[in-house]
Amino acid sequence: MNFERIPTVPTADEVLDRALRRAAAKMREKKQKKRASEEFVRAAYLSVHDKLVSVIQGFPEMDNLPRFYQDLFDIIWGTEHLRKALGAVGWAARWTKDHKGGLAKDVRFSSDEDATASRKKAVARLASVVHQIDDQLLYLNEVRNVMRKLPVIEDVFTIVVAGFPNVGKSSFIRRVSSAEPEIASYPFTTKGVIIGHRIERREKIQLIDTPGLLDRPAEERNTIEKQAISAIINTADVILFILDPSTYCGFPLEDQMRLLDEIRELVHVPIIAVVNKSDVKTLEGYKAMSTASGEGVEEVLEMLLSEKPAPGAAHHPGRQGYSDPDEEPADKESYDRPSIKWRESGLRPPRRDEIEK
Ligand SMILES: Nc1nc2c(ncn2[C@@H]2O[C@H](COP(=O)(O)OP(=O)(O)OP(=O)(O)O)[C@@H](O)[C@H]2O)c(=O)[nH]1
């Protein structure tokens with residue numbers, strides 16, 4: 001899944017400017033004045049139609065997306081909200097298509113004196129329709145800017161790395177990845193998500209960080225974070241939980257253990273808990289590694305890979321299995337996903353200048 005190629009969504013004025021420029025060029029090709037006006041209308045409507053269709057086609061088809069993205073889109077924007085915005089653009093595209101012929105004919109069958117007025121009327125109607133979706137176009141462009149930066153998650157064996165901040169999650173991913181990990185972002189945490197890959201016995205595996213999410217007790221998490229965790233957990237075949245008994249990370253070991261217990265309650269996939277920073281301190285009963293020196297790291301990876309199903313077999317049966325104790329039962333009547341309305345929540349897609357940084 002690669003959202004990087006979603007093209008910029010133009011504003012209503014940009015759509016219209018482009019259409020009118022094209023129409024003017026077409027108009028110049030016709031000698032006869034009325035024919036020229038008719039051509040102008042056709043070309044302007046066609047250009048708007050095609051541009052709006054290309055906007056819609058630039059976005060992925062929500063129903064065909066992997067579950068992770070469906071969940072994520074629902075958390076960030078509310079799938080219905082997104083559908084409505086795309087639907088509005090579709091409505092405007094259809095309108096231009098349905099009215100193009102009729103309005104062009106109005107110009108053709110008007111008297112010579114009225115031809116210009118008919119053309120102007122057709123253009124005014126077009127402008128009015130396009131301006132009606134101005135908000136949706138702006139919104140979709142903001143959505144696009146966030147989508148481009150979302151992590152690219154593949155449907156391969158996936159290790160999700162969890163633990164308190166600074167325990168060494170990203171150091172682990174960097175150490176075992178065959179190339180420099182990619183850094184993406186979720187709009188709901190300020191930290192970058194690190195995604196590493198490695199080819200293991202000719203199969204690709206992926207490692208995903210859980211920045212600023214699986215590092216706090218449940219009661220401190222808000223709804224968005226809970227949903228985000230569910231989306232991420234659903235990608236995991238196995239979870240690596242890293243403990244830092246040296247407490248250099250800044251968090252007492254009891255708190256880390258409590259979080260581990262909590263995650264155990266939460267998921268159905270295997271959890272492998274190990275200790276990092278073994279150069280400083282180890283903990284009895286836990287496999288130790290040091291992501292600084294590399295000691296024990298490959299063994300930990302082996303433990304994780306032992307959870308990998310045989311080639312060709314399905315993912316771990318627990319995958320997609322996440323139980324949120326607060327979650328409503330999933331029957332049709334009562335199960336209403338608390339989708340986040342981006343304007344009302346503090347949550348918003350980042351501005352362009354924030355992304356470009
Ligand atoms: N002594 C020691 N320090 C380590 C080791 N591994 C990582 N560190 C240090 O721990 C700090 C945090 O490491 P990160 O890999 O960034 O930790 P993280 O869990 O990804 O942190 P967040 O992304 O902020 O949650 C860094 O300063 C590392 O240098 C280790 O094996 N031994």
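Structure's up top.
This write-up is about the structure you can find in this document. (Residues numbered from 1 in each chain as written. Predicted model: local features only at pLDDT ≥ 70, side-chain atom pairs only at ≥ 80, totals over all residues. Heavy atoms only, no water.)

1. Regarding the environment of A104
At step 1: With respect to the secondary-structure elements, A104 resides in helix α4 (residues 79–108).
At step 2: Taking the C-alpha atoms as reference, A104 lies 7.4 Å from E39; in sequence the two are 65 residues apart.
At step 3: Residue contacts for A104: discarding those within four places in its chain leaves E38, V41 and R42. (Helix = DSSP H or I, 4+ residues; strand = E, 2+ residues; numbered from the N terminus. Contact = heavy atoms within 4.5 Å.)

2. Points about the site of the ligand
At step 1: As a structural note, the neighbourhood of the ligand is formed by 16 residues, with K169, S170, S171, S290 and T291 the closest of them.
At step 2: Between the ligand and V167 there is a distance of 3.2 Å, counted from an oxygen atom to a backbone nitrogen or oxygen.
At step 3: One of the side-chain N or O atoms of K277 is found 3.3 Å from an oxygen atom in the ligand.
At step 4: The residue makeup of the shell around the ligand, split by class, is 5 nonpolar, 7 polar and 4 charged. (Near = heavy atom within 4 Å. Polar contact = N/O pair within 3.5 Å; in protein donor to acceptor, adjacent residues only side chain to side chain. Nonpolar A, V, L, I, M, F, W, Y, C, P; charged D, E, K, R; others polar.)

3. A word on helix α10 (residues 297–305)
At step 1: Among the residues making up α10, those that are buried are V297, V300, L301, L304 and L305. For α10, the arc enclosing every buried residue in end-on projection is 140°, short of the 170-degree limit, so these residues lie on one face. (Buried < 20%, exposed > 50% of the residue type's maximum accessible area, 1.4 Å probe, protein only. Arc of directions from axis to C-beta.)

4. Focus on the sheet that holds strand β5 (residues 238–243)
The pairing of strands in a sheet comes from backbone hydrogen bonds and takes either a parallel or an antiparallel form.
At step 1: On the basis of which strands lie adjacent, the open sheet formed by 7 strands has the order β2-β3-β4-β1-β5-β6-β7 and mixed pairing. The open sheet has two free edges, formed respectively by β2 (182–185) and β7 (287–288), since each of these has just one partner strand.
At step 2: Bridge count between strand β1 (residues 157–162) and β5: 4 bridges; the pairing is parallel. Within β5, the position partnered with V160 by the bridge is I239.
At step 3: With respect to the sheet, α10 is in contact with β1, β3 (192–200), β4 (203–209), β5, β6 (271–275) and β7, its orientation differing from that of β3 by roughly 80°. (Pairing = 2+ DSSP bridges. Axes fitted to C-alpha atoms, helices over the stretch in contact; angles between N-to-C directions.)

5. A few points about α4
At step 1: For α4, built from 30 residues, the straight-helix expectation of 44 Å at 1.5 Å per residue is met to within 8% by its first-to-last C-alpha distance of 44 Å.
At step 2: The largest bend in α4 comes to about 40°, at K100. (Expected span 1.5 Å × (residues − 1). Bend = angle between axes of the 7 residues up to and from the residue.)

6. Brief notes about the environment of I56
At step 1: On the secondary structure map, I56 appears in helix α2 (residues 33–58).
At step 2: When the C-alpha positions of I56 and G90 are compared, they lie 7.2 Å apart, and in sequence the two are 34 residues distant.
At step 3: Non-local contacts of I56, meaning those with residues more than four positions away in its chain, are made with L86, V89 and G90.

7. Quick notes on the packing of helix α1 (residues 12–29) against α2
At step 1: Here α1 crosses α2 at 145°, and the two axes come no closer than 8 Å. Pair α1 / α2 crosses with right-handed handedness. Of α2, the residues touching α1 (which contributes V15, L16, R18, A19, L20, R22, A23, A24, K26 and M27) are A36, S37, E39, F40, A43, A44, S47, V48, K51 and L52.
At step 2: Looking at the contact of α1 with α2 residue by residue, the class counts come to 13 nonpolar, 2 polar and 5 charged. (Left-handed = near helix turned anticlockwise from the far one by under 90°.)

From the geometry alone we can't say anything about function, so treat these as descriptive.
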